[in-house]
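Spelled out from the first residue to the last, the chains are:
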Amino acid sequence: MTQRKVRVLIAKPGLDGHDRGAKVIARALRDAGMEVIYTGLRQTPEMIAEAALQENVDVLGLSILSGAHNALVPAVMEKLLEYGLDDVRVFVGGIIPQKDIPRLLDKGVSAVYGPGTNTQIVVADIKDSLHPQSN
Amino acid sequence: MPQIDPDAIRQGDRLNLSRALTAVENGTPEGQKLESALFPYSGHAHLIGMTGAPGTGKSTLVNQLVKLLRQTNDENPAPKIAIIAVDPTSPFTGGALLGDRIRMQALAGDKGVFIRSMASRGTLGGIAQNTAAFATILDSAGFDIILVETIGAGQAEVEISRLAHTVVVVDAPGLGDGIQAIKAGILEIADILVVNKADRPGADNTANTLQAMLEMGQNSQGKLFTLGKHLRDDLPGEAFYVPIEQPGWKTPILKTIASEGKGVEGLINAIQCHRSFLVTSCLWEQKETQRLRYALEALIKDKLVHRWQQNLDEDKFESVIADLIQRKISPIDAASELM
Ligand SMILES: Nc1nc2c(ncn2[C@@H]2O[C@H](COP(=O)(O)OP(=O)(O)OP(=O)(O)O)[C@@H](O)[C@H]2O)c(=O)[nH]1
Ligand SMILES: [Mg+2]
């Protein structure tokens, strides 16, 4: 039995110690049939890119509650490029002020989700962006 | 998607390696081609299985083990190590949460270590269908040691004993009395037994129980009897067989505290001893032969089923099913009818 599965890395960069949101989204994606790798707290951009490389994920979800997204997200995006992972789709979840969103999208982030986003929206977005025709 | 280059994989390119693993995992034609191209370059790595009930500390122990193995000294360059961490796929959703990596953060910055999480995708037996193929690819990429952490169902995880040269079974106090272990067939597959969480009460008890269980099985399992051919001087020209007792492998029981890195050196020693034992007793080669034979048989079965399905007459199949339901034909005769 062989088939293609969407592989997702859920990572928490930075120093905040709350991973409830990350776990909720990880579970929702699992329940939608995806293979979700969770790496735990306090990941550096380098560690995240390294894990994304080794796990060959299609999607990377960054959960950031610390407010340091303007520094962390570009640092992660840069590392992904350095590792040749420019085809990985990146989304950011957490407390991101409206005014910062354009800048993140500009850096190559596909979507930004605020607190309370329905997880089904994230699931649908991922499926649409990866397999517009099937799956 | 750019093509995956097998030569780049052999030269240690990790992006090509990682993409190859996905192709192999998904059973794509490209994955099969890569496996064929790389197979001749495999066969060097020491495959180590880490198995045992959920939560006994397998991932934590792998983390410590690899951290220590990667410490270089001047005589020995550190081995390159790959870890395949298998977790279960949910039978209901087809999805999986792969969490073993959380415990392996200490290895994050080390470019000589490659960690890959793998979902079981419905395969029973503790590893995934393509775990062996993963090992082939990683082996050809030059990893000296490949550690496979199984799902940890606590059930007889025979598949890992077919794949790995050395099987480490991780137990912990408070998981029942060892009868469970023997029922689950865990002792038969263990080359090394670890009682982890030795900081917890009951660790000595667990170790003693396992020891007693091992000794009970010892007469039939622990010694290898070989028949040696001996010519005796006083009986010229007459050859006869005398059984010679050869010391076999005696499964050691080790206590560790993985969360504090205690006892890990002893585990490394035991693993290295087991490797030497396999090589000097020629069991290494024998295991390889058995594994490849088994893999070949499994592939042939798959192919035969596939061919049968392709040539299947759907209408005939439905009518035989109908006869079966009405008890006009037995399942065995129905199968013969359809072959
Ligand atoms: N007290 C104590 N706890 C430990 C020890 N080793 C691991 N743990 C803890 O046991 C829990 C499970 O450890 P893991 O390494 O995830 O166990 P595992 O066998 O890989 O678990 P699964 O992969 O889910 O089957 C964690 O909370 C560890 O911190 C130990 O030696 N002593
Ligand atoms: Mg584990």
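Attention in this report is confined to the structure presented alongside it. (Residues numbered from 1 in each chain as written. Chains lettered and ligands numbered in written order. Predicted model: local features only at pLDDT ≥ 70, side-chain atom pairs only at ≥ 80, totals over all residues. Heavy atoms only, no water.)

## Quick notes on the overall build of chain A
Next, step 1: Each helix and strand in chain A was counted, giving five helices and five strands.
Next, step 2: Secondary structure elements of chain A occur, N-terminal to C-terminal, as β-α-β-α-β-α-β-α-β-α.
Next, step 3: Taking 14 Å as the expected radius of gyration for a compact globule of 135 residues, we find that chain A reaches 14 Å, a close match to that expectation.
Next, step 4: Seen through its principal axes, chain A has C-alpha atoms that stretch 40 × 30 × 25 Å.
Next, step 5: For chain A, the proportion of its 135 residues judged to be buried stands at 56%. (Helix = DSSP H or I, 4+ residues; strand = E, 2+ residues; numbered from the N terminus. Rg over C-alpha atoms; globule rule 2.2 N^0.38 Å. Buried < 20%, exposed > 50% of the residue type's maximum accessible area, 1.4 Å probe, protein only.)

## Re the sheet that holds strand S3 (residues 96-98) of chain B
Next, step 1: With parallel pairing, the six strands of this open sheet are ordered in space as S5(A)-S4(A)-S3(A)-S1(A)-S2(A)-S3(B). Unpaired on one side and paired on the other, strand S5 (111-113) of chain A together with S3 of chain B mark the two borders of the sheet. With strand direction ignored, the average angle separating the axes of adjacent strands in the sheet is 20°.
Next, step 2: By the bridge criterion, three bridges tie strand S2 (residues 35-38) of chain A to S3(B) in an arrangement that is parallel. Among the inter-strand pairings, Glu35(A) is bridged to a residue of S3(B), identified as Ala96(B).
Next, step 3: Strands in contact with helix H5 (residues 119-130) of chain A are strand S3 (59-64), strand S4 (89-94) and S5 of chain A; relative to S4(A), the strand with the most contacts, it is inclined by about 170°. (Pairing = 2+ DSSP bridges. Axes fitted to C-alpha atoms, helices over the stretch in contact; angles between N-to-C directions. Contact = heavy atoms within 4.5 Å.)

## Structural notes on the coordination of the magnesium ion (ligand 2)
Residue and element names in this part refer to chain B.
Next, step 1: Ligation of the magnesium ion (ligand 2) by protein atoms is provided by Ser59 (OG), Asp100 (OD) and Glu149 (OE), these donors lying 2.1 Å from the ion.
Next, step 2: Between consecutive donor residues of the magnesium ion (ligand 2), the sequence gaps follow S-x40-D-x48-E. You can see Asp100 sitting in the loop between S3 and strand S4 (113-119) and its partner Glu149 sitting in strand S5 (residues 145-149), a full 49 residues away along the chain.
Next, step 3: Asp100 gets classed as buried once you look at its relative accessible area, which sits at 10%. (Donors = N, O, S within 2.8 Å, 3.2 Å for Na, K, Ca; no water.)

## Overview of the interface of chain A and chain B
Next, step 1: With 32 residues of chain A in contact, the opposing surface of chain B contributes 32 residues.
Next, step 2: Of the roughly 2700 Å² buried between chain A and chain B, counting both surfaces, carbon and sulfur atoms make up 46%.
Next, step 3: Among the residues of chain A in contact with chain B, Glu35(A), Gln54(A) and Asn56(A) are the three that bury the most area, contributing 22% of the side total.
Next, step 4: At the boundary of chain A and chain B, one finds seven salt bridges.
Next, step 5: A salt bridge links Glu46(A) to Lys111(B); the nearest nitrogen and oxygen atoms lie 3.6 Å apart.
Next, step 6: Inspection of the region where chain A meets chain B yields 24 residue pairs in polar contact (both at pLDDT 80 or more).
Next, step 7: Only helix H1 (20-31), S2 and helix H2 (45-55) of chain A provide two or more residues apiece to the side of chain A that touches chain B.
Next, step 8: When residues in the side of chain A that touches chain B are grouped by element, the largest group, seven residues, is from H2(A). (Buried area = accessible area lost by both parts, 1.4 Å probe. Salt bridge = Lys/Arg side-chain N within 4 Å of Asp/Glu carboxyl O. Polar contact = N/O pair within 3.5 Å; in protein donor to acceptor, adjacent residues only side chain to side chain.)

## What to know about the site of ligand 1
All names here are of chain B.
Next, step 1: Within the structure, ligand 1 sits among 18 residues, and Lys58, Ser59, Thr60, Arg103 and Asp199 are positioned closest to it.
Next, step 2: Taking Gly57, its main chain carries an N or O atom lying 3.0 Å from an oxygen atom of ligand 1.
Next, step 3: When residues in the shell around ligand 1 are grouped by element, the largest group, three residues, is from helix H4 (residues 58-69).
Next, step 4: When its residues are assigned to classes, the shell around ligand 1 shows four nonpolar, seven polar and seven charged. (Near = heavy atom within 4 Å. Nonpolar A, V, L, I, M, F, W, Y, C, P; charged D, E, K, R; others polar.)

## As for a negative patch on the surface
Next, step 1: Residues Asp313(B), Glu314(B), Asp315(B) and Glu318(B) make up a contiguous surface patch of negative charge.
Next, step 2: A relative accessible area of 43% places Asp313(B) in the partly exposed class. (Patch = residues over 30% accessible without salt bridge, like charges linked within 9 Å, V, L, I, M, F, W, Y side chains within 5 Å. Areas by Shrake-Rupley, 256 points an atom, 1.4 Å probe, with all protein chains shown as cover. Lys, Arg positive; Asp, Glu negative; His and termini not counted. Charge placed at Lys NZ, Arg CZ, Asp CG, Glu CD.)

## Some words on the sheet that holds S4(B)
All names here are of chain B.
Next, step 1: Taken in spatial order, the seven strands of this open sheet run S4-S2-S5-S1-S6-S7-S10, and their pairing is parallel. The open sheet has two edge strands, S4 and strand S10 (253-255), and neither has a second partner. Strand-to-strand twist of the sheet, defined as the mean angle between neighbouring strand axes without regard to direction, takes the value 20°.
Next, step 2: Relative to S4, strand S2 (residues 81-87) runs parallel, the two sharing seven bridges. By the bridge assignment for S4, Ile83 is matched with Ile115.

## Thoughts on the pattern of salt bridges
Residue and element names in this part refer to chain A.
Next, step 1: This model, assessed by the stated rule, comprises 21 salt bridges over all chains.
Next, step 2: A salt bridge links Glu55 to Arg7, with the nearest nitrogen and oxygen atoms 2.8 Å apart. Here the residue Glu55 occupies a position in helix H2, and Arg7 occupies one in strand S1 (residues 7-11), the gap between them amounting to 48 residues. With respect to class, Glu55 is no different from Arg7; both count as buried.

## Some remarks on the side chain of Gln43(A)
Next, step 1: Within the secondary structure layout, Gln43(A) lies in the loop between S2 and H2.
Next, step 2: Here the side chain of Gln43(A) touches Gln105(B) through a polar contact of 2.7 Å, side chain to side chain.
Next, step 3: With residues up to four places along the chain from it excluded, the contact list for Gln43(A) reads Lys12(A), Pro13(A), Gly14(A), Ile48(A) and Gln105(B).

## Things to note about helix H5 (residues 131-140) of chain B
All names here are of chain B.
Next, step 1: Summarising burial for H5: nine of the 10 residues are buried, a large majority.
Next, step 2: Every buried residue of H5 is listed here: Thr131, Ala133, Phe134, Ala135, Thr136, Ile137, Leu138, Asp139 and Ser140.
Next, step 3: Just past H5, the residue Gly142 takes up positive phi, approximately 95°.

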